[in-house]
Amino acid sequence: MSKKISLIIIFIVSTFISIGQQYSEFTVELGGGLSSIKYQLNSGKQNYGFGGDVGLGFTYFLTKHFGIGTGAEISLYNSKIDMSGNNTTIFKLTDSYLEEYQLNTLLANYTETQRAFIANIPFYIKFQGGKNHKFYFQPGINIGIPINIKYQYSGANFFNTAYYESLNNTISAPTFQGLGDFANRSGKGNLKFNIAFSILADIGIKWNISDKIALYTGIYATYNFNNTLQDWKQDFVKINKTNPPDFSTNSLLSTRIQPNNPFIEKANLISVGFKIKLAFQFAKKETSKNKKEKNKKGEENKKSEDDLEKRAAELYQKYLDEIERIKSEQTEANNTIEQQKAEQQKAEQQRIEQQRVEQQKVEQQRLEQQRIEQQKAEQQRLEQQRIEQQKAEQQRVEKQKAEQQRLKQQQIEQEKAEQQRVEQLRIEQQRAKEYQEQYLKQKEADLAKLNNYTINNFEFTESNLNLYQKEQLSEIIYILSKYPEVKIICTGHTDERGSDDKNNEVGYKRAKVVKEYLVQNGISSNRILPLSKSQSEPLFPNTNEENRAINRRVVITISN
């Protein structure tokens, strides 16, 4: 695309030079001011940045007041987005045990800056007026080709939490799974933009320093009317599966808050500022022979112009006379046509009125005959209806008597049946009440036994279940099978020996082993959440091996 645009520019410039122009300019330009990327944000706050451009231009003047031109510029755009206090979400991740969860990230002190270098190729028309120092106005379009777009941030804080939908539970630990608070993070990278199409306008004053050099001073503005973003469907946080705490991020310009909700829906390049141009003017020199020929041709043209003006005046007068004649004839013809129209309309109105009177008489006769026939039919219908109503009334009275007798007998039978049903219902309710009380007492006793159930005596750094521990879990399996609505949390504990990270991992493995054993024996995985508290909650002081064995345990608690 950029090669094609360059070829077009070269062709236009060479054409301007080759057609023998009398006046052209080459300019060196420098500008600066507000130069930023304008966003359509769904969240966060934007801060506009400053930048500028430097470039070359060429203008070919068709007249002393009007010209067309092109050139090439390198422009710098700066912008900043503050996302502190906002959340991002990634759906359907899996942890190291293939459990699905949703990653939520809360940002603090997060400010991302973007810097874009764009090669702008303008095409414009120039208007200028005045004597020595001229006012100028230069509207046109820009084609912006992305060269280098970068983003970076530093000193940001990320707070990651995991939401397990199956258990309706949110956790913010352990750190080795990429959960918790991560402070003072930094990052940077590259972005891709579409080619930008912009409108531009320059306005100011042209100061003629000499016949060949001029200085332009003025203000300029550009606005990119198409969306420069290429992709917004990436996740903001990029998870490192081998080492989750070492996560990285994508730019806000290419990411989404949720699966179908981008941070930024649209981005446009804008700039407003002050511009200075140094112009070098070139004019074609005329020889003495060309001047004489030009003067002679001018005299001939002047004489020819006088003859043409005289002839044009005569033709114009004839044109006016002919117009008057045509108008007069048209007026007479219009009067005749109007008179004929009036006579035709009058005759047509008389014919329509006569036809209307005749049709009205015929319609009145037809309506009167129709009324008489309808009246006779209505009388016959009413008489027949009266006879049928009398018969129906007699049948209704007889049927009503029979129905009353049937209803009385039915009421007596229903009262007997209702008495029997009430008595039976009372007996069943009494039985159900006794069963419910018995069931609640048993459930309360079972859940009390289940809550804070402890399985200890794990070997040091080991998580395998021995035969005795499996026999302990048999009772847990029986209770969980009996009450399928109950969900539990398996929390693994260790003694004080070993590092925090190692104890976290061993405690989580012990809880996971208990969960896997319960799942193998028919308990749904969605009802069990494994966690680790390592050595943070010992039952007894870790002063001897017997106490340590008791502290190496898994505690089962009810979560709902």
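Because the structure is predicted, anything quoted here is derived from the model rather than measured.

### Comments concerning the sheet that holds strand S19 (residues 453–455)
In space, the four strands of this open sheet follow the order S19-S22-S20-S21, with mixed pairing throughout. With partners counted over all chains shown, the strands left at the sheet margins are S19 and strand S21 (528–534), one partner each. Direction aside, the axes of adjacent strands within the sheet are offset by 25° on average. Sheet topology places strand S20 (residues 488–493) next to S21; six bridges connect them, and they run parallel. Within S21, the residue paired with Gly492 across the bridge is Ser532.

### Examining helix H3 (residues 467–482)
For an α-helix, the turn length of 3.6 residues means that residues three or four places apart are oriented alike. Taking 1.5 Å of rise per residue, 16 residues should cover 22 Å, and H3 covers 23 Å from first to last C-alpha, within 8% of that figure. Turning to H3, its buried residues number three or more, namely Gln469, Gln472, Leu473, Ile476, Ile477, Ile479 and Leu480. Between the side-chain oxygen at the start of H3 and the backbone nitrogen of Tyr468 there is a gap of 3.2 Å, and the oxygen is on Asn466.

### Some thoughts on the pattern of salt bridges
Working definition: two side chains of opposite charge can pair if their charged atoms are close together. Applying the stated rule across the entire model yields 26 salt bridges. A salt bridge links Asp202 to Lys275, with the nearest nitrogen and oxygen atoms 4.0 Å apart. Pair noted here: Asp202 is in strand S11 (residues 196–208) and Lys275 is in strand S18 (residues 264–283), with a separation of 73 residues, a long-range link. Neither residue differs from the other here; Asp202 and Lys275 are each classed as buried. Taking the shortest distance from any N to any O, the salt bridge between Arg421 and Glu418 comes out at 2.5 Å. Taken together, the residues span about one helical turn, with Arg421 and Glu418 both in helix H2 (residues 288–450) at a distance of three residues. Residue Arg421 is classed as partly exposed on the basis of its relative accessible area of 45%.

### Section: unusual backbone geometry
In this structure, Asn452 is a non-glycine residue whose phi angle is positive, near 60°. With respect to the helices and strands, Asn452 occurs in the loop between H2 and S19. If you check the backbone angles, Ser534 has positive phi at about 45° while not being a glycine. Mapped onto the elements, Ser534 comes out in strand S21. For Ser534, a relative accessible area of 10% corresponds to the buried category.

### Focus: the sheet that holds strand S13 (residues 234–235)
Strand order in the open sheet formed by three strands is S13-S16-S17, and the pairing between neighbours is mixed. One side of each edge strand has no neighbouring strand; the edge strands of this open sheet are S13 and strand S17 (261–262). Across two bridges, S13 lies against strand S16 (residues 255–258) in parallel orientation. Paired with Gln234 across the two strands is Thr255, which belongs to S16.

### Quick word on the packing of H3 against helix H4 (residues 500–520)
The geometry of H3 relative to H4 is characterised by a closest axis approach of 10 Å and an angle of 60° between their N-to-C directions. The pairing of H3 with H4 is recorded here as oblique in orientation. The way H3 lies across H4 gives a crossing that is right-handed. Side by side, H3 and H4 meet where Lys470, Leu473, Ile476, Ile477 and Leu480 of the first sit next to Val514, Tyr517 and Leu518 of the second. Of the residues assigned to the contact of H3 with H4, the class counts are seven nonpolar, no polar and one charged.

### Re the nonpolar core
With 36 residues, the main nonpolar core has Ile37, Tyr110, Phe158, Phe236 and Leu253 as its most contacted residues. If one sorts the elements of this core by residue count, strand S8 (residues 134–164) sits on top with seven residues. Excluding its chain neighbours within four sequence positions, the residues that come into contact with Tyr110 are Ile81, Asp82, Met83, Ser84, Tyr153, Ala156, Phe158, Phe236, Thr249 and Leu252. Counting residues in each nonpolar core, the second largest holds 24 residues, with Ile455, Leu465, Leu480 and Val486 among its members.

### Thoughts on the packing of aromatic side chains
Within the structure shown, the criterion is met by twelve aromatic pairs. Relative to Tyr216, the ring of Tyr136 has its centre 5.0 Å away and its plane inclined at 90°; by these criteria the two rings are edge-to-face. Of this pair, Tyr136 sits in strand S8 while Tyr216 sits in strand S12 (residues 213–224), and the two are 80 residues apart along the sequence. Since its relative accessible area comes to 1%, Tyr136 is described here as buried. Among the residues examined, Tyr216 registers a relative accessible area of 0% and is labelled buried. Between Phe158 and Phe236, the ring centres sit 6.4 Å apart and the planes meet at 25°, which makes this aromatic pair stacked. One end of the pair, Phe158, is in strand S8; the other, Phe236, is in the loop between S13 and strand S14 (237–238), and 78 residues separate them in sequence. The exposure classification of Phe158 matches that of Phe236, with both residues buried.

### Description of a nonpolar patch on the surface
On the surface, Ile125, Phe127, Phe135, Phe137, Ile203, Ile219, Phe274 and Ile276 cluster together into a nonpolar patch covering about 690 Å² of accessible area. Contributions of two or more residues to the nonpolar patch are made by strand S7 (111–129), S8 and S18. Along the chain, Phe137 turns up in strand S8. With relative accessibility at 33%, the residue Phe137 sits in the partly exposed group.

### Details of the confidence of the model for the protein
Here the protein averages 83 in pLDDT, and 88% of its residues register 70 or above. Mean pLDDT across the elements of the protein bottoms out in helix H1 (residues 2–18) (47) and peaks in S20 (93). Counted against residues more than four places away or in other chains, residues 10–21, with its pLDDT under 50, gives eleven contacts.

The rules we used
- Residues numbered from 1 in each chain as written.
- Predicted model: local features only at pLDDT ≥ 70, side-chain atom pairs only at ≥ 80, totals over all residues.
- Heavy atoms only, no water.
- Pairing = 2+ DSSP bridges.
- Helix = DSSP H or I, 4+ residues; strand = E, 2+ residues; numbered from the N terminus.
- Axes fitted to C-alpha atoms, helices over the stretch in contact; angles between N-to-C directions.
- Expected span 1.5 Å × (residues − 1).
- Buried < 20%, exposed > 50% of the residue type's maximum accessible area, 1.4 Å probe, protein only.
- Polar contact = N/O pair within 3.5 Å; in protein donor to acceptor, adjacent residues only side chain to side chain.
- Salt bridge = Lys/Arg side-chain N within 4 Å of Asp/Glu carboxyl O.
- Parallel < 35°, antiparallel > 145°, perpendicular 65-115°, else oblique.
- Left-handed = near helix turned anticlockwise from the far one by under 90°.
- Contact = heavy atoms within 4.5 Å.
- Nonpolar A, V, L, I, M, F, W, Y, C, P; charged D, E, K, R; others polar.
- Core = buried A, V, L, I, M, F, W, Y, C linked by side-chain atoms within 4.5 Å.
- Phe/Tyr/Trp six-rings, centres within 6.5 Å; stacked < 30°, edge-to-face > 60°.
- Patch = residues over 30% accessible without salt bridge, like charges linked within 9 Å, V, L, I, M, F, W, Y side chains within 5 Å.
- Areas by Shrake-Rupley, 256 points an atom, 1.4 Å probe, with all protein chains shown as cover.
- pLDDT = per-residue confidence, 0-100.

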